[in-house]
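The residues making up each chain are set out below.
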Amino acid sequence: MPLTRLTLAQGDVERAIELTEGFLAAEPSSVEARELLDRLYQDAQRPGDRLENLKTLAEMRNSADLFRELAYAAGFRNRMGMKAEALVRYCTLRPEDIEAQQELAALLASRGDHAGAVDWLLRADDRATGNIQPDSRELLMSLLIDLDREDEAYERARRWLGEQPTVADMIGLASQLAAASRPDLGLRLIEPQVTGPQGTGRAPVLALELTYIDLLIATDRREPARTRLSALSGPVEDAQFGRLLALEVNAGMPRAALEATKGRDLHLVPDWVLAGLAETALRDGDRAFPDRLYRELGDGFLDDYPILAANIALGRGDSAAAAGWAERALASDGLADKGLMMGDRLGAIRILDRTGRRAAAVADFDRMPLSGTVPEELLEELAALFIDFDRASAGLAWFTARRQATQSPAAAQGWARLAAKAGDPAAVADWLAGQPKLSLALLQDIAGSAAERASANPAANRPAAALALAAAQRAFALDSSPRSRLALAGALTATGKPADALPLLAPLLDGGGAEVEAAYIAALDGAGRSEELARHLTARLARGTLSDAEQQAIVTMLLDHKAYRAALPLLRVWAERQGGTRSGEDWLSVYADAAAKANVLPDLAGLLQGRAAAAPLAEAEDALYRDTLTKLGRKADLRRYLLARATDDRLPADRRREPVSALLVLGDKAGAEQALQRLAAGQGPQSEDFRQLAYLWGPRPPATGLDWIEARAKAAGTPTEQAAWYDRLAEYGGGRRVIAGLGGQGLGGQAAAPAQPALKTPFIEALAAAGKGKELAAAVRTALPEEASPDRLRRYARLAEQTGQRAAASQAWTALLARKPEDADALRQLGMLAYDENRLADAERLLRRYVATGPNDYEAHYFLGEALTALKRPTVATPFYRTALSQLRVRATRGDAAIQTEANLLNRLGKVDDAVALFEGLRKRRPADRQLKADYASMLIENGRLPEARRVLALP
């Protein structure tokens, strides 16, 4: 121990721990050493080691305080088993610590030891004479009930109430029992206080009465609950109003709750109660209450009830809002806190469909998971959606599996609906025969689906026709309404008995609508009564009282039955007048289709030709006319029409542009050029139309093309526009035309530059293209004083250089440098010109400014060095030579000129032998190059190597 203390005094905690652990290994019963080790572990922040040591120390001393400390430490380390053991030992040593016993009970319950938790809670409650914490009371109630000790729980609750319980205690205990899923015990607990002798004769406190009613509802004693709710007299205070309405809704008294809301603040009512009341009002056709909700609360209160909100919006005629609510509901589906019930999801999908969002509705329906249990009451709606959304095959597979897994009437009926639509009609017929009682709606749905299949392919769907007939006969026996009559007639026609269908349909003809007309026509057609059919339709059309819709229905039936020639006269009238309830373009397309099928395309072409002469055709009409002319083989008419359309100024440019491609497809290049010239004339040479025109002309347009461009230039309204056209004229080989058109008469008969600044550029470009250097130099000099564009000045300088006009180029570069003092091109070119002209000081000044920008330009660095060398400053020139050499050597490719420059640089840097080696290599490749020999010999003479110079020059 002294050694340990000495080690601690030196600050070595780990060494002290090592010594103490060694001592305890020899003397494990030393309490003093364990207490020291506990402190050392704390100082060293070794909680895990301390925990094990503290456990041993607590057991050695059997100390309540140490066991309590052990419980804290074990809990901190998440060693809940050790914590529970420590708390048991502590509570045994300190039975008066009621809070610790409750803590232990909660821990034991969380670890699954319910019996142990109950034991400690009972001890704590007995010692505290019923004054344990509310959370502990609730836990004790729940555990006793879970352990099937309900009577004990009830008696314990009675003890807590005492002889004269407070209302708050009664409500609290009853609520705890209800929360533990035993509302019956809560009811039994407070019932004597509510229904027994009151002594004073006064009614119970309203809060207790409402709690009692709540418990009656929870135990499914709704009739007594409704009786007591009805007996409540007078309005309740605001604090209890929302709860009262909730009880009325839960007790099945929504109308009473709705009545109670009149004159009261709706903010006092819970949202879910308001939602339930709104649903009740909607079912009863009461729009006043939903309108009041929107007016007083806005739609925010329905955020948690989007389906209800959607239905309310539908009731108020707001389809957009209804669709928005449905989309919001479906978007929240799948979230843990907002997932939709299956019925709500189906409702949202149906609302989307009702509000015209069919695509979104189908997409959400396809995403809907159906792997779980779908309630029986939703199967009918689910089957209907499968059919409505053209998912009958998928729905049939799902209902087949459901029917095999669970035998239920709803599943069987859903299967029958879908099997009639997409399954085995014979199987449905067998099932139908074994079902003596079925609803009229189901029979009508089966008959309709089967009849639809039979009419689609009568030869291949005889079983479907038989099913349709069987279902329709049973539906007609239940109800002889027009729908049942029509269904039976359709089934009779589909099963080859159209004559039997006619008597059923005859009474329906007046006011029966298009469906009845179609069935009657089908029956007449199936019975072979062609003359009667013709008379019927003729008579219908002859009636002057027919509306446009009725006339259209008859024409549609004629078309459906391929009676195209009979329908054509009326269709042409509608197409010509562009009237009726549909647009003229729609009727034109119907007429065109019928004309094609009746083989009277010339009539259609004539109609369209007349309309095209009166006004430009709409896009659909235009396409139809072209297609018609193509089918008739009238290419010449088609070319004339396309050219007329492409040059029709009444049309916007984009619609005049499109026929150009069609003209080219027909091989009419001249027509395409004419159309493009018309389009490009008003847009300028930068337009896409002119680019297309130039593409047709090729790189060298014909003289007529140059004439056209020149005419555009001369007709241009501004100098800028005129210059743009002249630029194109020069570009396409019309430079002499530009010079003639823009140049005035100068001295010596030379063309003088135009006065307008904008026209100088095309003039100079034309001179350059024509190789007229002197005229170009003069034109450049006249343009420089007024020109401010650096790019244009640069172009002038380049053109002057290309034509050998060094003085004009120098002037242009100088003008550019004045506008842009740090322009690299200008600095370089002027520096090089100065060097060539032996203006060495200017060359140095300009090239120094240029190389200061850091260009990768070995020539500029080389000639700057040469200028400095010529100025007798070789030392200053050396860095520039080195830079030039390094830049030259990193070039990917080097020609002979670059190699000779490298040799000159090596000579300047004193590496004469290296320079000689490069010159020798050049001589071998170019032995006849006299200039190379001269340069080589000059370098040798300069370095005093005269014999070698003689050899190079072949001198004696």
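Preceding block: the structure.
A brief structural summary. (Residues numbered from 1 in each chain as written. Predicted model: local features only at pLDDT ≥ 70, side-chain atom pairs only at ≥ 80, totals over all residues. Heavy atoms only, no water.)

**A short note on a nonpolar patch on the surface**
Quick reminder of the rule: Surface patches are drawn from residues lacking salt bridges whose relative accessible area is over 30%; two like charges belong together within 9 Å, two nonpolar side chains (Val, Leu, Ile, Met, Phe, Trp, Tyr) within 5 Å. Accessible surface is estimated by sampling points in the Shrake-Rupley manner with a 1.4 Å probe; for residues, cover comes only from the protein chains shown. By convention in these notes, a salt bridge is any Lys or Arg side-chain nitrogen within 4 Å of a carboxyl oxygen on Asp or Glu. Every helix listed is a DSSP run of H or I at least four residues long, and every strand listed is a run of E at least two residues long, numbered separately from the N terminus.
Together, Ile 941, Leu 946, Leu 953 and Leu 955 make up a nonpolar patch on the protein surface, roughly 340 Å² of accessible area in all. The topology assignment puts Leu 953 in helix 56 (residues 946-953).

**Examining the packing of helix 11 (residues 167-179) against helix 12 (residues 183-195)**
Using the following cut-off: Axis definition: a line fit to C-alpha positions, over the contact stretch in the case of helices; interaxial angles, taken between N-to-C directions, run 0 to 180 degrees. Here the word oblique covers every angle except those under 35 degrees (roughly parallel), over 145 (roughly antiparallel) and from 65 to 115 (roughly perpendicular). By convention, the crossing between two helices is left-handed when the near helix turns anticlockwise from the far helix through less than a right angle, and right-handed when the turn is clockwise. In what follows, residue pairs with any heavy atoms lying within 4.5 Å of each other are defined as contacts. Just so you know the grouping, Ala, Val, Leu, Ile, Met, Phe, Trp, Tyr, Cys and Pro go in nonpolar, Asp, Glu, Lys and Arg go in charged, and all remaining residues, Gly too, go in polar.
As a packed pair, helix 11 and helix 12 sit with axes 7 Å apart at the nearest point and diverge in direction by 160 degrees. For the element pair helix 11 / helix 12, the angle class is roughly antiparallel. In this structure, the crossing between helix 11 and helix 12 has a hand that is left-handed. Here Met 170, Leu 173, Ala 174, Leu 177 and Ala 178 of helix 11 come into contact with helix 12, specifically with Pro 183, Leu 185, Gly 186, Leu 189, Ile 190 and Gln 193. Here the contact of helix 11 with helix 12 is composed, by residue class, of 9 nonpolar, 2 polar and no charged.

**Considerations on the side chain of Glu 248**
Tracing the chain through its elements places Glu 248 in helix 15 (residues 238-250). Residues contacting Glu 248, with those up to four places away along its chain left out, are Leu 229, Met 253, Pro 254, Ala 256, Ala 257 and Ala 260.

**Description of the packing of aromatic side chains**
The following threshold applies: Two rings from Phe, Tyr or Trp (for Trp, the six-membered ring) form a pair when their centres sit within 6.5 Å of each other. Planes less than 30 degrees apart are called stacked, planes more than 60 degrees apart edge-to-face, and all others tilted. Exposure is judged per residue with a 1.4 Å probe applied to protein chains only, and the accessible area is read against the type maximum: over 50% gives exposed, under 20% gives buried, and values in between give partly exposed.
Here the structure, examined in full by the defined rule, presents 9 aromatic pairs. A centroid spacing of 5.0 Å and a plane angle of 80 degrees characterise the contact between Trp 398 and Phe 399, whose relative ring orientation is edge-to-face. With centroids separated by 6.3 Å and ring planes inclined at 50 degrees, the aromatic side chains of Tyr 862 and Tyr 881 adopt a geometry described as tilted. With Tyr 862 in helix 51 (residues 858-870) and Tyr 881 in helix 52 (residues 874-889), this residue pair connects regions lying 19 residues apart in the sequence. Both residues of the pair, Tyr 862 and Tyr 881, belong to the buried class. An aromatic cluster of at least three residues, connected via ring pairs, comprises Phe 365, Phe 386, Phe 389, Trp 398 and Phe 399.

**Examining the layout of surface pockets**
The test is simple: A pocket here means an open set of points on a 1 Å grid, computed over the protein atoms alone, that has protein on both sides within 12 Å along at least five of seven lines. A cavity is instead a set of points where a 1.4 Å probe fits but cannot get out; residues with an atom within 4 Å of a point line either one. Grid points are joined across faces, edges and corners, and a volume is the space filled by probe spheres set on the points.
Of the voids in this model, the largest pocket is the one considered here, and its volume is about 840 Å³. What lines the largest pocket is a set of 30 residues, and nearest its centre among them are Gly 448, Ala 451, Glu 452, Ser 455 and Gly 490. Counting residues per element, the ones that place at least two in the lining of the largest pocket are helix 23 (379-388), helix 25 (409-422), helix 27 (440-456), helix 29 (482-494), helix 30 (498-505) and helix 31 (513-526). Here the element with the most residues in the lining of the largest pocket is helix 27; it accounts for 9 residues. Residue classes in the lining of the largest pocket are distributed as 15 nonpolar, 8 polar and 7 charged.

**Focus: the environment of Pro 652**
Inspection of the secondary structure puts Pro 652 in the loop between helix 38 (635-646) and helix 39 (653-665). Residue classification places Pro 652 among the partly exposed residues on the basis of a relative accessible area of 40%. The sequence separation of Pro 652 and Phe 67 amounts to 585 residues, and the corresponding C-alpha distance is 95 Å.

**Let's talk about the nonpolar core**
In a soluble, globular protein the nonpolar side chains are often hidden away together inside. To keep it simple, the criterion reads: Throughout, nonpolar core names a set of buried Ala, Val, Leu, Ile, Met, Phe, Trp, Tyr and Cys residues whose side chains join them through atoms within 4.5 Å.
By size, the foremost hydrophobic cluster in this structure holds 280 residues, and its most contacted members are Leu 382, Ile 446, Leu 571 and Phe 690. Excluding residues within four positions of it along the chain, Leu 571 makes contact with Val 555, Leu 559, Trp 587, Val 590, Tyr 591 and Ala 594. Counting 8 residues, the second largest nonpolar core, distinct from the first, contains Ala 16, Leu 24, Ala 33 and Tyr 41.

**Some points on the pattern of salt bridges**
Under the counting rule described, the total for this entry stands at 60 salt bridges. Close ionic contact of Arg 46 with Asp 49 constitutes a salt bridge, the shortest N to O distance being 2.8 Å. By relative accessible area, Arg 46 is classed as partly exposed at 24%. The residue Arg 873 makes a salt bridge to Glu 844 at a minimum N-O spacing of 2.9 Å. Note that Arg 873 is positioned in the loop between helix 51 and helix 52 and Glu 844 in helix 50 (residues 840-851), a separation of 29 residues in sequence. Relative accessible area serves as the criterion here: at 12%, Glu 844 is assigned to the buried category. Among the charged side chains, a network of salt bridges with common partners joins Arg 794, Arg 798, Glu 801, Lys 820, Asp 823 and Asp 825.

**Looking at the side chain of Arg 794**
Heads up, the condition is: A 3.5 Å cut-off defines polar contacts: any pair of N or O atoms within that distance qualifies, except that in protein one atom must be a possible hydrogen donor and the other a possible acceptor, and neighbouring residues in sequence count only when both atoms are side-chain atoms.
Topologically, Arg 794 is positioned in helix 47 (residues 790-802). Relative accessible area serves as the criterion here: at 16%, Arg 794 is assigned to the buried category. Separated by 3.1 Å, the side chains of Arg 794 and Asp 825 make a polar contact.

**Points about unusual backbone geometry**
Positioned with a positive phi, Asn 78 is a non-glycine residue whose angle comes to about 60 degrees. The residue Asn 78 is located in the loop between helix 5 (64-76) and helix 6 (80-93) in this model. Since its relative accessible area comes to 56%, Asn 78 is described here as exposed.

**With respect to helix 34 (residues 564-577)**
Convention followed: In this analysis, the expected span of each helix is defined as 1.5 Å times one less than the number of residues it contains. By definition, a residue's bend is the angle between the axes fitted to the seven residues ending there and the seven starting there.
Counted at 1.5 Å a residue, the expected span for helix 34 with its 14 residues is 20 Å, and the 20 Å between its end C-alpha atoms agrees. Leu 570 marks the point of greatest bend in helix 34, at about 30 degrees. Of the positions making up helix 34, those classed as buried are Tyr 564, Ala 567, Leu 568, Leu 571, Trp 574 and Ala 575.

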